[in-house]
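# Examining the three-dimensional arrangement
Given next are the chains, with one letter for each unit.
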Amino acid sequence: MNRTFVMVKPDGVARNLIGVIMTRFERKGLKLTNAKMMNIDRELAEKHYIEHVGKPFFEELIDFIMSGPVFAMVWEGQDAVKNARSLIGRTNPSEAAPGTIRADYALDVSSNIVHGSDSDESAEREITNFFGKSFEL
Ligand code: DAT
Ligand code: MG
């Protein structure tokens, strides 16, 4: 059993896709253990995307993730990180397999509607960043 951090990004929230995205995770069999609507400030945005500092798209990415409310979630279940990434699909929606969230609902790599942690370590770091240290297993 493990858990992962998933976030509907500002474009997904603006397009009223929170429900359809959550339904896909629920149908897969993952369990929602925490969720909240929130705005991301610059400090949290840069912390969340620290691995991308210096890349050509970094500033655009930070501005985008701060551009409107996001819906942050924690999902729990067997191979949660891997299963969530499978449901989400590849980073570039043009390359994502049909049936994945990014393939079905997005066109552009810079607005790909949902985030999912890429490892157990990232998941724990991101859950702490968004929900605080008090939210423990
Ligand atoms: P993922 O979100 O699939 O984990 P990532 O961690 O490599 O992908 O990148 C984080 C986000 O940054 C990604 O969801 C969208 C944006 N991004 C990545 N590569 C990009 C690129 N080449 N051009 C513009 N935005 C990009
Ligand atoms: Mg990533």
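The rules behind each value
Residues numbered from 1 in each chain as written. Chains lettered and ligands numbered in written order. Predicted model: local features only at pLDDT ≥ 70, side-chain atom pairs only at ≥ 80, totals over all residues. Heavy atoms only, no water. UniProt positions renumbered as here; feature names shortened; annotations may be inferred. Axes fitted to C-alpha atoms, helices over the stretch in contact; angles between N-to-C directions. Helix = DSSP H or I, 4+ residues; strand = E, 2+ residues; numbered from the N terminus. Parallel < 35°, antiparallel > 145°, perpendicular 65-115°, else oblique. Left-handed = near helix turned anticlockwise from the far one by under 90°. Contact = heavy atoms within 4.5 Å. Nonpolar A, V, L, I, M, F, W, Y, C, P; charged D, E, K, R; others polar. pLDDT = per-residue confidence, 0-100. Pairing = 2+ DSSP bridges. Near = heavy atom within 4 Å. Polar contact = N/O pair within 3.5 Å; in protein donor to acceptor, adjacent residues only side chain to side chain. Areas by Shrake-Rupley, 256 points an atom, 1.4 Å probe, with all protein chains shown as cover. Buried < 20%, exposed > 50% of the residue type's maximum accessible area, 1.4 Å probe, protein only.

Going by an unreviewed UniProt entry, the chain carries the name Nucleoside diphosphate kinase and comes from Paenibacillus cellulosilyticus. Reading the Cofactor (unreviewed entry) entry of the UniProt record for the chain gives the comment "Mg(2+)". UniProt, in the comment section headed Function (unreviewed entry), describes the chain in these words: "Major role in the synthesis of nucleoside triphosphates other than ATP. The ATP gamma phosphate is transferred to the NDP beta phosphate via a ping-pong mechanism, using a phosphorylated active-site intermediate."

### Quick word on the packing of helix α2 (residues 18-28) against helix α5 (residues 80-88)
Axis angle and axis distance: for two packed helices, these are the angle between their axes and the distance between the axes, and together they describe the pair. Running from N to C, α2 and α5 point in directions that differ by 130°, and their axes come no closer than 11 Å. The angle between the axes of α2 and α5 places the two elements in the oblique class. Crossing handedness for the pair α2 and α5: right-handed. Between α2 and α5, the contacting residues are R24, F25 and K28 on the first element and N83, A84, L87 and I88 on the second. Its residues placed into classes, the contact of α2 with α5 shows four nonpolar, one polar and two charged.

### Here we look at the confidence of the model for the chain
It should be kept in mind that the predicted coordinates are not to be read in detail where pLDDT is low. Per-residue pLDDT for the chain averages 96, and the proportion of residues at 70 or more is 97%. Model confidence for the complex: the whole-complex pTM is 0.97, and ipTM, which rates the interface, is 0.98.

### Here's the deal with the sheet that holds strand β1 (residues 2-8)
Two modes of strand pairing occur in sheets, parallel and antiparallel, and in both the strands are linked by backbone hydrogen bonds. Spatially, β2-β3-β1-β4 is the arrangement adopted by the four strands of the open sheet, whose pairing is antiparallel. Looking along the sheet, the strands with just one partner apiece sit at the ends: β2 (31-38) and β4 (114-116). Within this sheet the neighbouring strands show an average axis-to-axis angle of 15°, counted without direction. Relative to strand β3 (residues 70-77), β2 runs antiparallel, the two being bridged by seven bridges. For M38, the partnering residue across the bridge sits in β3 and is V70. Sheet strands touched by α2: β1, β2, β3 and β4. Its angle to β3, the strand with the most contacts, is close to 5°.

### Some thoughts on the site of ligand 1
The environment of ligand 1 is made up of K9, Y49, H52, F57, L61, R85, T91, R102, V109, S110 and N112. At 2.9 Å from an oxygen atom of ligand 1 is found a side-chain nitrogen or oxygen belonging to H52. Within the side chain of R85, an N or O atom sits 2.8 Å from an oxygen atom of ligand 1. Contact with the protein chains covers 76% of the free accessible surface of ligand 1, which is 510 Å². Here the residues of the shell around ligand 1 are counted per class, giving four nonpolar, four polar and three charged.

### Concerning the UniProt feature "active site" (unreviewed entry) in the chain
As annotated in UniProt, the feature "active site" (unreviewed entry) corresponds to H115 in the numbering used here. A relative accessible area of 10% means that H115 is categorised as buried. For H115, the residues in contact, after removing those within four places along its chain, are F5, V6, M7, K9, H48, Y49, I88, R102 and E126.

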